[in-house]
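# Topology and contacts: notes
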Amino acid sequence: MDLTAEVLRHALVVAAEEASIVVVRSAYSTFIVEGSDASAAILDADGALIAHSMATTLMNSMALKVALPEVRRDHPAMRDGDVYVTNDAYRGGVHTNDLLVFRPVFVGGLPRYFTATMIHVSDLGGLSAGGMAPLATDIFLEGLQLPPILLATDDGVVPAVEAVLRANSRTPDKVMGDVRALVAGTAVAATRLRALIQEYGEAGLAGGIARYLDYTEERTRAALAELPCGRFTAAYPIDDDGLDPDTPHHVRVAVTMTGRAAVLDFAGTGPQVPAAINASASQSLAAAVFALRCFLDPSIPMNEGCLRALDIRLPEGSLLNARSPYPCGGRFVPIYAAMEAVIQALSEAAPERAIAASGILQPFSIAAVGAPYWIHLSYDFGGVGARRGLDGPDATGVHFGIGRNSVPQAEPVESRCPLVVESVETIPDSGGPGRWRGGLGTRTVYHFLTACHVTTRGDRLRIPPPGREGGLPGRLGGFFKRSADGTVERLASKVNNVLFTEGEAFIVETTGGGGLGLPTDRPREEVEADLRSGHITEHGARQDYAPRGLTRSPGSNATS
């Protein structure tokens, strides 16, 4: 790639990054302000992904990419200064609380580029506050739906749209603060893009973009050529749909490597269901792309050039490509299963890069029982599965749906919500034992100072992420209710508006990652190091790593 194209690539990424920072600093919702969960991208008029912010996840950039052509289809005539919004899950969106905002940038009188921003706004109705509706049986129970509509002009947010958003939110002031932050982010990125057009000229910018997209495509195809050719299949289960615990659901994939290209076909995946375990196509696309990129050179840029080498097939009407009126709010559940299925299929193709299954993020919300409403929306992460030659990282999860720091710090949460974060800790022995150990899960305890509703949407809490090649599964996590007398009750993984009273506590435990290789092959010195660091207990060493485990603490004449 020539120097001009490389300079342009970085300039466009910086423009998108600045837009996402503006959104975070301007937003009102705690989840955005403290978690920095905002995304921004620059696309061409056809929806090709040119650049996205460093914090932008594939879930969000794929949504922006897929949704833009739908916006253009509904609004063929655009004016400079117009800004559009949608959250339509069946037309590229994610779910009702994720607002996708687009601003055209005109060149020669035509919209040649678009700047785009996206966040999860505080609340847009639905069964529970904050956009969590784990027991929804249709999309209408998840909140307000917005087809592609005009959101703002040079005069500001369209008054009628603001009225609709306010009327459908438990936290109208926060929502409108979030919306204005999204609009401001697109404006900043558009200003930076216009400056690049002025500096390089229309043809110069277009040529530089074309060259670095071609460069990305070539690097992606070269990396794919390093993987073995062939067809590799895998499947991954979903715990349950929250309504019927006895009906199984699976995501299946066949990955066909053809040298310099790859086909990922999800035929055989379970059908869409009237429960919150379906996903829109844009989210499933993101899962497939992310999982495949885990096996490629990580320095390859993520843009449209990467996507040109991939053929991803998502059966319409399946868990991975739901149609109206099936709910899509629980999209994390099926797309993480899709991601895991691709990872396990490619672990068969390239065992030297194998990864055991992982614990995943566990979303939950804590909200006021009635007005005035306050909402705390968050996630905690499980442990990553062990990789060839490396233990799995603790408490990070193999994830692609979250921004810079979506687990907010305790102090800001306590200052905004009537609760106390009693503890945040990793759980010893939760990583799957193996020659390489799975990453640890976590335990977080929220003590409530007033009554509130808790809503959860977890998975991999009944079926543990398995190990590979003799490695053992990760320890299961869960959601728990601790009564004032200390009694602890396990909640289902998917519950809606469970009432907690003042003095009770909510406990979130995440699942550990699976191990890789036989635990008895783990060297004694690594077991001892795990004991010293607190990753395992003496009981865990004896139980999981015998005969190389320890019967006494290191430094006290410990023996195998």
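The structure reproduced in this document is the subject of the present report. Positions within a chain are numbered from 1, following the residues in the order the chain's sequence is written. Thresholds applied to this predicted model are a pLDDT of at least 70 for local features of residues and 80 or more for the giving and counting of side-chain atom pairs; totals over whole chains, interfaces and linings are not thresholded and use all residues. Calculation of side-chain values draws on the structure's entire complement of heavy atoms; hydrogens and water are dropped beforehand.

Moving on to the overall build of the protein. Within the protein one finds eleven helices and 20 strands. For a compact globule of 560 residues, the expected C-alpha radius of gyration is about 24 Å, and the protein comes in at 24 Å, within 12% of that figure. With respect to the principal axes defined by its C-alpha atoms, the protein has extents near 80 × 60 × 45 Å. Here the protein holds 560 residues, and the buried ones make up 61% of them. Whether two residues touch is decided by their heavy atoms; if any such pair falls within 4.5 Å, the residues are in contact. Within the protein, residue pairs in contact and separated by at least 24 positions form 73% of the contacts whose partners lie at least 6 positions apart. Surface accessibility in these figures is a Shrake-Rupley result with a 1.4 Å probe; residues are shielded only by whichever protein chains are displayed. Accessible surface computed for the protein: about 19,500 Å², of which carbon and sulfur atoms make up 53%. In summary, the charge assignment counts Lys and Arg as positive and Asp and Glu as negative, without counting His or the chain termini. For the purpose of locating charges, the reference atoms are NZ of Lys, CZ of Arg, CG of Asp and CD of Glu. Across the protein, the 49 positively charged side chains and the 63 negatively charged ones have centroids separated by 3 Å. The numbering of helices and of strands both runs from the N terminus, where a helix is a DSSP run of H or I of at least 4 residues and a strand a run of E of at least 2. As a reference, a globule follows 2.2 Å times the number of residues to the power 0.38, and the radius of gyration itself is taken over C-alpha atoms. Relative accessibility decides the category of a residue: with a 1.4 Å probe and only protein chains considered, values under 20% of the type maximum give buried, values over 50% give exposed, and everything between is partly exposed.

Here, any two strands with at least 2 DSSP bridges between them count as paired. Spatially, the five strands line up as an open sheet ordered E14-E15-E20-E17-E18, and their pairing is antiparallel. Of all the strands in the sheet, the pair left with one neighbour each is strand E14 (419-426) and strand E18 (488-491). Neighbouring strand axes in the sheet, compared pairwise and without regard to direction, differ in orientation by 20° on average. Axis definition: a line fitted to C-alpha atoms, over the contacting stretch in the case of helices. Angles run 0 to 180 degrees between N-to-C directions.

Once that is clear, we can look at the pattern of salt bridges. When a carboxyl oxygen of Asp or Glu lies within 4 Å of a side-chain nitrogen of Lys or Arg, that pair is called a salt bridge. Within this structure, the stated rule accounts for 41 salt bridges. Salt-bridge contacts for Glu226 lead to Arg353; the nearest nitrogen and oxygen are separated by 3.8 Å. Within this pair, whereas Glu226 is found in the loop between helix H5 (172-225) and strand E8 (230-238), its partner Arg353 is found in the loop between helix H8 (332-349) and strand E12 (362-368), the two being separated by 127 residues in sequence. In this structure, Lys494 and Asp459 form a salt bridge, with 3.2 Å as the shortest nitrogen-oxygen distance. Taken as a pair, Lys494 in strand E19 (residues 494-500) and Asp459 in the loop between strand E16 (452-457) and strand E17 (478-482) lie far apart in primary sequence, 35 residues in all. The exposure classification of Lys494 matches that of Asp459, with both residues buried. Here the residues in one salt-bridge network are Asp391, Arg435, Arg437, Arg522, Glu526 and Asp530, joined through shared partners.

We now examine the nonpolar core. Of all hydrophobic cores here, the largest spans 78 residues; its most connected members are Phe102, Leu264, Phe266 and Ile312. Among the elements that take part in this core, H8 stands out by supplying 13 residues, more than any other. For Phe266, the residues in contact, after removing those within four places along its chain, are Val251, Arg252, Val253, Ala288, Ile312, Arg313, Leu314, Pro315, Leu320, Ala338 and Val342. We define a nonpolar core as any set of buried Ala, Val, Leu, Ile, Met, Phe, Trp, Tyr and Cys residues linked to one another through side-chain atoms lying within 4.5 Å.

Let us now look at the sheet that holds E12. Overall, antiparallel pairing links the four strands, which are arranged E13-E12-E16-E19 in an open sheet. Edge positions in the sheet fall to strand E13 (375-380) and E19, since each of these pairs with one other strand and no more. The mean angle between the axes of side-by-side strands here comes to 15°, regardless of whether they run parallel or antiparallel. For E16 and E19, the ladder comprises five bridges, and the chain directions are antiparallel. From the neighbouring strand, Val454 faces E19, where its bridge partner is Val498.

What follows concerns the packing of helix H3 (residues 58-74) against helix H6 (residues 281-293). For the pair H3 and H6, the least separation of the axes is 8 Å and the interaxial angle reads 130°. The angle between the axes of H3 and H6 places the two elements in the oblique class. In this structure, the crossing between H3 and H6 has a hand that is right-handed. The segment H3 lies against H6, with Leu58, Met59, Met62, Ala63 and Val66 engaging Ser282, Gln283, Leu285, Ala286, Val289 and Phe290. Put simply, angles under 35 degrees are roughly parallel, angles over 145 are roughly antiparallel, angles from 65 to 115 are roughly perpendicular, and the rest are oblique. Rotating anticlockwise by less than a right angle from the far helix to the near helix defines a left-handed crossing, while the corresponding clockwise rotation defines a right-handed one.

This paragraph deals with the side chain of His75. Here His75 lies in the loop between H3 and strand E3 (83-86). Here the side chain of His75 touches Pro148 through a polar contact of 2.9 Å, landing on its backbone oxygen. With sequence-adjacent residues up to four places away left out, His75 is seen in contact with Tyr84, Pro148, Ile149 and Leu150. In protein, a polar contact means a hydrogen-donor-capable atom and an acceptor-capable atom, both N or O and within 3.5 Å, with residues adjacent in sequence counting only if both atoms are side-chain atoms; elsewhere, any N or O pair within 3.5 Å suffices.

A few words on the pairing of E3. Side-chain positions along a regular strand alternate between the two faces of the sheet. The alternating pattern of E3 places Val83 and Val85 on one face and Tyr84 and Thr86 on the opposite face, and all of these are buried. The pairing of E3 with strand E6 (residues 149-153) spans three bridges and is antiparallel. Opposite Val85, over in E6, you have Ile149 as the bridge partner. Pairing of E3 with strand E4 (residues 98-107), which is carried by three bridges, proceeds in the antiparallel orientation. Across the sheet, the residue bridging to Tyr84 is Phe102, located in E4.

Where helix H10 (residues 524-533) is concerned, the buried positions are Val527, Glu528, Asp530 and Leu531. One face of H10 carries all of its buried residues, which in axial projection span an arc of 155°. The exposed set on the far side of H10, more than 90 degrees from its buried face, consists of Glu525 and Arg532. Residues of H10 that are buried sit in contact with helix H11 (538-545). Following H10 by one or two positions, Gly534 adopts a phi angle in the positive range, close to 90°. The arc in question is the one traced by the directions running from the helix axis out to the C-beta atoms.

With that settled, consider the environment of Gly441. Here Gly441 is to be found in the loop between E14 and strand E15 (442-448). Between the C-alpha atoms of Gly441 and Asp2, which are 439 residues apart in sequence, the distance is 45 Å. Aside from chain neighbours lying at most four places away, what touches Gly441 is Gly383, Glu425, Thr426, Ile427, Ser430, Thr510, Thr511 and Gly512.

Further remarks concern the side chain of Asp380. Locating Asp380 in the fold gives a position in strand E13. In terms of polar contacts, Asp380 uses its side chain to reach the side chain of Thr444, at 2.9 Å.

Here the focus is the pairing of strand E20 (residues 505-509). Most of E20 sits out of view: five of its five residues are buried. By the alternation rule, side chains of E20 split into Ala505, Ile507 and Glu509 and Phe506 and Val508, which are all buried. Bridging between E15 and E20 involves five bridges; their strand directions are antiparallel. When the bridges of E20 are listed, Arg443 appears paired with Glu509. Relative to E20, E17 runs antiparallel, the two sharing five bridges. Paired with Gly478 across the bridge in E20 is Glu509.

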